[in-house]
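Tertiary structure, described
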Amino acid sequence: SAVISQKPSRDICQRGTSLTIQCQVDSQVTMMFWYRQQPGQSLTLIATANQGSEATYESGFVIDKFPISRPNLTFSTLTVSNMSPEDSSIYLCSVETGIMETQYFGPGTRLLVL
Amino acid sequence: LAKTTQPISMDSYEGQEVNITCSHNNIATNDYITWYQQFPSQGPRFIIQGYKTKVTNEVASLFIPADRKSSTLSLPRVSLSDTAVYYCLVGAYGQNFVFGPGTRLSVLP
């Protein structure tokens, strides 16, 4: 398994500002993922972040709004830019690891935009 | 990506065995079947993963028939703390998981 931490755990932000969410994993992993979970909904993949390459974004998500960094094999950041109340969600990172390439999830970052 | 179908909700009582079945008719040869549990305000927690036949761990069992077009998560003797949303996911290494709505399990006293 993998132990994943996220910072901050929660935040309240003003519209128009940006927030950077950090994801740290306790072992080196190739593939990291960022998801969004809106209130009462299921998880939606934002992008896949592999070390040494540009992040790959899913339909409906763009780099200008959700820039991602992946500087090494244990760390990634997701920035939510120019926030609006519609960005209020839980943001989760996950990693793929182990013999069966299982995905493990972080605890999430709860974001409220006013 | 194989799409999955599972019941939206289920109710059970403490001490009972709960079986949640997931359909994945177009599962590919390289796809694994993975189940997650999610409590409110927490990230999904890995429960069990399998490719075929039966897998058992300290938490649950996963039954996969020979055609792999469905799978059943079995939770023995559930307790109130097992109340959560359970997600069935199908995919291969490097593929993105597509989360459906999951099954909301309510365990009643």
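Preceding this section is the structure that the text describes.
Keep in mind the model is a prediction, meaning the values are calculated, not measured. (Residues numbered from 1 in each chain as written. Chains lettered and ligands numbered in written order. Predicted model: local features only at pLDDT ≥ 70, side-chain atom pairs only at ≥ 80, totals over all residues. Heavy atoms only, no water.)

**Considering the overall build of chain A**
Formally: Starting at the N terminus, helices and strands are each numbered in turn, a helix being any DSSP run of H or I of at least four residues and a strand any DSSP run of E of at least two. C-alpha atoms define the radius of gyration in this analysis, and the globule rule sets the expected value at 2.2 Å times the number of residues to the power 0.38. Burial here depends on accessible area, computed with a 1.4 Å probe over protein chains only, as a share of the maximum for the residue type. Under 20% is buried, over 50% is exposed, and the range in between is partly exposed. A contact between two residues is defined here by any heavy atoms of the two lying within 4.5 Å. Each accessible area is a Shrake-Rupley result for a 1.4 Å probe, and residues are judged covered by the shown protein chains and nothing else. Just so you know, the count uses Lys and Arg for positive and Asp and Glu for negative, and it drops His and the chain ends. For the purpose of locating charges, the reference atoms are NZ of Lys, CZ of Arg, CG of Asp and CD of Glu.
Looking only at helices and strands, chain A features zero helices and 11 strands. Helices and strands in chain A line up, N terminus first, as β-β-β-β-β-β-β-β-β-β-β. A globule of 114 residues ought to have a C-alpha radius of gyration of about 13 Å, and chain A, at 13 Å, matches this closely. Structurally, chain A occupies a C-alpha span of about 40 × 25 × 20 Å along its principal axes. When burial is assessed residue by residue, chain A has 50% of its 114 residues classed as buried. Considering only contacts within chain A whose residues lie at least 6 apart along the sequence, 53% involve residues at least 24 apart. Surface exposure of chain A reaches about 5,400 Å², of which carbon and sulfur atoms provide 50%. Positive and negative side-chain charges in chain A, numbering 7 and 9 respectively, have mean positions lying 10 Å apart.

**Some remarks on the pattern of salt bridges**
All names here are of chain A. Operational definition: Any Lys or Arg side-chain nitrogen found within 4 Å of a carboxyl oxygen on Asp or Glu counts as a salt bridge.
Overall, the coordinates contain one salt bridge over all chains when judged by the stated rule. For the salt bridge of Asp87 with Lys65, the shortest nitrogen-to-oxygen distance reads 2.6 Å. Here Lys65 lies in the loop between strand S6 (56-57) and strand S7 (68-72) and Asp87 lies in the loop between strand S8 (75-80) and strand S9 (89-97), a separation of 22 residues in the sequence.

**Let's talk about a nonpolar patch on the surface**
Residue and element names in this part refer to chain A. For clarity, the cut-off: Patch membership requires over 30% relative accessible area and the absence of a salt bridge. Like charges are linked within 9 Å, and nonpolar side chains (Val, Leu, Ile, Met, Phe, Trp, Tyr) within 5 Å.
The grouping of Ile12, Leu112 and Leu114 at the surface amounts to a nonpolar patch, some 280 Å² of accessible area in total. Summarising the element assignment, Leu114 is placed in the segment after strand S11 (109-113). Overall, Leu114 belongs to the partly exposed group, its relative accessible area being 47%.

**Some thoughts on the pairing of strand S9 (residues 103-108) of chain B**
All names here are of chain B. What counts here: Two strands qualify as a pair provided that DSSP identifies no fewer than 2 bridges between them.
The alternating pattern of S9 places Thr103, Leu105 and Val107 on a buried face, while none of Arg104, Ser106 and Leu108, on the opposite face, is buried. Of the strand pairs in this sheet, strand S1 (residues 9-13) and S9 are connected by five bridges, and their pairing is parallel. Among the inter-strand pairings, Tyr13 is bridged to a residue of S9, identified as Leu108. Sheet analysis places strand S8 (residues 84-91) next to S9, joined by three bridges and oriented antiparallel. Within S9, the position partnered with Tyr86 by the bridge is Thr103.

**Observations regarding the packing of aromatic side chains**
Defined as follows: For this analysis, a ring pair means two rings from Phe, Tyr or Trp (six-membered ring only for Trp) whose centres lie within 6.5 Å, classed as stacked if their planes differ by under 30 degrees, edge-to-face if by over 60, and tilted for the remaining angles. Think of it as a cone above the ring: NZ of Lys or CZ of Arg counts as a charge over the ring if it is within 6 Å of the ring centre and within 35 degrees of the ring normal.
Summed over the entire model, instances satisfying the criterion amount to 11 aromatic pairs over all chains. Residues A:Tyr35 and B:Phe99 carry aromatic rings whose centres are separated by 5.6 Å and whose planes lie at 85 degrees to one another, so their mutual orientation is edge-to-face. Taken together, the residues span two chains, with A:Tyr35 in strand S4 (residues 31-37) and B:Phe99 in the loop between S8 and S9. Overall, the relative accessible area of 0% leaves A:Tyr35 in the buried class. A cation over a ring is seen here: B:Arg68 above B:Tyr51, with NZ or CZ 4.0 Å from the ring centre.

**Focus: unusual backbone geometry**
Backbone torsion omega between A:Lys7 and A:Pro8 reads -10 degrees, so that peptide bond is classified as cis. Its place among the elements puts A:Pro8 in the loop between strand S1 (4-7) and strand S2 (10-13). Phi is positive for A:Asn82, close to 45 degrees, though the residue is something other than glycine. The phi torsion at B:Arg77 lies on the positive side, around 50 degrees, for a residue other than glycine. Take B:Arg77: its relative accessible area is 67%, and that puts it in the exposed class.

**As for the pairing of S9(A)**
Residues and elements named next belong to chain A. Counting buried positions over the nine residues of S9 gives nine, a clear majority of the element. Relative to S9, S4 is paired through seven bridges, and the arrangement is antiparallel. Counted as the bridge partner of Gln37 is Ile90 from S9. Here S9 runs beside strand S10 (residues 102-105); their pairing, made up of four bridges, is antiparallel. Across the sheet, residue Glu96 finds its bridge partner in S10, namely Gln103. Linking S9 back to S10 in an antiparallel pair, the connection comprises four residues, with Gly98 at a positive phi of about 90 degrees.

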